[in-house]
Amino acid sequence: MPALIWFNEDGLNPQHQMVQDYADAPKVYVFDVNYLKQWAIAKHRVQFIYESLLEIPNIEIYKGETVATLRQLVTDHQANEIITTETPNHLIKSWQDELLKYTNLITYPEVYPATDSRSPRRFSHYWRKSDRAWLTLT
Amino acid sequence: MKRLRTDLEGREAIADYLQAEFSFLENTGVLAPHPGGRSAGLERLEQFQLEKYGKQRNFLDGEVGQLSPYISRGCLELEEVRQWALRHGKSNSVEKFVSELAWRAFFHLVYEEEGDRILKDMEKPKVSMRRHQTRLPEDIASGETGIPSMDTFIAMLKETGYLHNHTRMYLASYIVHFRRVSWRAGADWMYGLLIDGDFASNHLSWQWVASTFSHKPYIFNRENLERYAGSVLPGDPRKGDPFNYSYEELSEQLFGSEYQPERSRTSGSYR
């Protein structure tokens, strides 16, 4: 199934498993202009992201509105699904939710040694529960 | 939508190009000391002297990895950094460092559950914040508070897009407790300026400082500031110094007599 790999700003690893699993898929990133303006994102972060993207072979970098741009790219590349990485970022999640209305979306999860869904609200409790998992080489 | 170039070489050329494409970005005129990319992240990991971390991590001139930009932006996976650390064998430094990685995951797990509710008070504040300003004062935004230490921190943030964790706590505490500005105004401002800006770590840390995600407000005094940050600071005037008090005195001044802090371990007798 033709796929499109969409990188987000929380997942800029050129060696990520999704890149290996979908080796032939076009790879894209969108600088969302409204987001950059609304949150007054500094140039240092934009440059850091851009420099990181340049290490991803054949990356296509766009500026525009994220969902509209990706919908256009899905059409242009005749893709049936978008591959991306999971992030708790609520803004990126809202884009992912919007995209789901139009296409399939496969998200690769973040990996942690301890991911109890009932997360305590104090780090000391979390650490007491999971320090062994964190401090064990797997 | 517009496709951007990917054939540029050199950080200066990239900076000029991005300034032209995103003309609304504030131009600091300097390059950040952290170049983007996985290879730069791996290089930093290689240079990081983990064995010194346990003892030096709280000092602004101490050995810290400065890996946060690379982990936050996903150039390095948190799990691979954890495994790298554990391969050093057991030590206090390794445990401290891994627990800092766990803090990041902890914040992410809370954010995953709460979503954008982390942008509001997670808990009732432990000290009164009813009269806090909801907008960041201009002198803070421009780094012209008149307190050389705080202005130095703000300049570092703007010029580098990065701050040592202790510096983030000093600035947040200064803004929320000494200046009585809502944590949200400060957190939003810092989020935009940091290369590693991340709602989970950033906003929940501000809430931790404010006491809406912790048992008590975080404050610092002159003695603490000099001990951990003195080597990188220009020196503040002693006259009218807002930090030169014991923790008990500061609590009384900042929060009034209803708030009873736990007794601090340091004497606060710097002056």
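Predicted model, so just to flag it, every value in this text is computed and none were measured.

Structural notes on the overall build of chain A
Part 1 of the argument: What chain A contains, in helices and strands, is 6 helices and 5 strands.
Part 2 of the argument: When the helices and strands of chain A are listed from N to C terminus, the series reads β-α-β-α-α-β-α-β-α-β-α.
Part 3 of the argument: The principal-axis extents of the C-alpha atoms in chain A amount to approximately 50 × 35 × 30 Å.
Part 4 of the argument: Intrachain contacts of chain A at a sequence separation of at least 6 include 59% that bridge at least 24 residues.
Part 5 of the argument: Split by element, the accessible area of chain A, about 6200 Å² in all, is 48% carbon and sulfur.

Quick look at the packing of helix 4 (residues 66-76) of chain A against helix 5 (residues 90-100) of chain A
All names here are of chain A.
Part 1 of the argument: Close contact between helix 4 and helix 5 brings their axes to 10 Å; oriented N to C, the two are set at 40 degrees. By the angle between their axes, helix 4 is oblique relative to helix 5. Relative to helix 5, the crossing made by helix 4 is right-handed. Facing T66, V67, L70 and R71 of helix 4, the residues of helix 5 in contact are W95, E98 and L99.

A short note on helix 12 (residues 222-229) of chain B
Part 1 of the argument: Listing the buried residues of helix 12 of chain B in full gives B:R222, B:N224, B:L225, B:Y228 and B:A229. When helix 12 of chain B is viewed along its axis, its buried side chains cluster within an angular range of 165 degrees and face the same direction.

Notes on unusual backbone geometry
Comment: phi is negative for the bulk of residues other than glycine, and the bulk of peptide bonds are trans.
Residues and elements named next belong to chain B.
Part 1 of the argument: In this model, R180 sits at a positive phi of 55 degrees, which is unusual for a non-glycine residue.
Part 2 of the argument: Along the polypeptide, R180 turns up in the loop between helix 9 (165-178) and helix 10 (183-193).
Part 3 of the argument: With a relative accessible area of 35%, R180 lands in the partly exposed category.
Part 4 of the argument: Non-glycine residue S211 carries a positive phi angle of around 90 degrees.
Part 5 of the argument: Mapped onto the secondary structure, S211 falls in the loop between helix 11 (199-210) and helix 12.

What about the sheet that holds strand 3 (residues 59-64) of chain A?
Part 1 of the argument: Ordered by their spatial adjacency, 6 strands build an open sheet running 5(A)-4(A)-1(A)-2(A)-3(A)-1(B), and the pairing between neighbours is mixed. The two strands at the open ends of the sheet, each matched to only one other strand, are strand 5 (104-108) of chain A together with strand 1 (2-4) of chain B. Averaged over all pairs of adjacent strands, the angle between their axes in this sheet comes to 35 degrees, without regard to strand direction.
Part 2 of the argument: Pairing analysis gives 5 bridges linking strand 4 (residues 81-85) of chain A to strand 5 of chain A, with the strands arranged parallel. Of the residues in strand 5 of chain A, the one forming a bridge with A:I82 is A:L105.
Part 3 of the argument: Contacting strand 1 (3-6), strand 2 (27-32), strand 3 and strand 4 of chain A, helix 4 of chain A crosses the sheet at an angle of about 155 degrees to strand 2 of chain A.

Some details on the nonpolar core
Part 1 of the argument: Judged by nonpolar contacts, the single largest core of 89 residues is most densely connected at A:F31, A:W134 and B:F97.
Part 2 of the argument: Among the elements that line this core, the one with the most residues is helix 6 (residues 92-114) of chain B, at 11 residues.
Part 3 of the argument: Residues lining this core come from more than one domain, with at least three contributed by each of domain 1 (20-117) and domain 2 (138-255) of chain B.
Part 4 of the argument: Not counting residues within four places of it along the chain, the set of residues in contact with A:W134 comprises A:Y112, A:P113, A:A114, A:Y126, A:W127, B:L78, B:R82, B:L86, B:V98, B:L101, B:A102 and B:A105.
Part 5 of the argument: Ranked by size, the runner-up nonpolar core spans 45 residues in total, among them B:L60, B:F153, B:V181 and B:W206.

A short note on the packing of aromatic side chains
Part 1 of the argument: For the coordinates displayed, the defined rule picks out 33 aromatic pairs over all chains.
Part 2 of the argument: Aromatic side chains A:W39 and B:F199 sit 4.9 Å apart centroid to centroid with 75 degrees between the ring planes, which places their arrangement in the edge-to-face category. Placement of A:W39 in the loop between helix 2 (33-38) and helix 3 (43-53) and of B:F199 in helix 11 is noted, with the two residues assigned to different chains.
Part 3 of the argument: Pairing B:F107 with B:F213 gives two aromatic rings, centres 6.5 Å apart and planes at 40 degrees, and the pair type is tilted. Pair noted here: B:F107 is in helix 6 and B:F213 is in the loop between helix 11 and helix 12, with a separation of 106 residues, a long-range link. Neither B:F107 nor B:F213 differs from the other in exposure class; each is buried.

Points about the pairing of strand 4 of chain A
Residue and element names in this part refer to chain A.
Part 1 of the argument: Of all 5 residues in strand 4, 5 are buried, a share of seventy percent or more.
Part 2 of the argument: Neither face of strand 4 is left uncovered, since the one carrying E81, I83 and T85 and the one carrying I82 and T84 both have all their residues buried.
Part 3 of the argument: By the bridge criterion, 3 bridges tie strand 1 to strand 4 in an arrangement that is parallel. Bridge pairing in strand 4 places L4 opposite I82.
Part 4 of the argument: Between strand 4 and its parallel partner strand 5, the chain crosses via helix 5, and the hand of that crossover is right-handed.

The rules we used
Residues numbered from 1 in each chain as written. Chains lettered and ligands numbered in written order. Predicted model: local features only at pLDDT ≥ 70, side-chain atom pairs only at ≥ 80, totals over all residues. Heavy atoms only, no water. Helix = DSSP H or I, 4+ residues; strand = E, 2+ residues; numbered from the N terminus. Contact = heavy atoms within 4.5 Å. Areas by Shrake-Rupley, 256 points an atom, 1.4 Å probe, with all protein chains shown as cover. Axes fitted to C-alpha atoms, helices over the stretch in contact; angles between N-to-C directions. Parallel < 35°, antiparallel > 145°, perpendicular 65-115°, else oblique. Left-handed = near helix turned anticlockwise from the far one by under 90°. Buried < 20%, exposed > 50% of the residue type's maximum accessible area, 1.4 Å probe, protein only. Arc of directions from axis to C-beta. Pairing = 2+ DSSP bridges. Core = buried A, V, L, I, M, F, W, Y, C linked by side-chain atoms within 4.5 Å. Domains from an automatic or database assignment. Phe/Tyr/Trp six-rings, centres within 6.5 Å; stacked < 30°, edge-to-face > 60°. Right-handed = clockwise from strand over helix to strand, strands pointing away.

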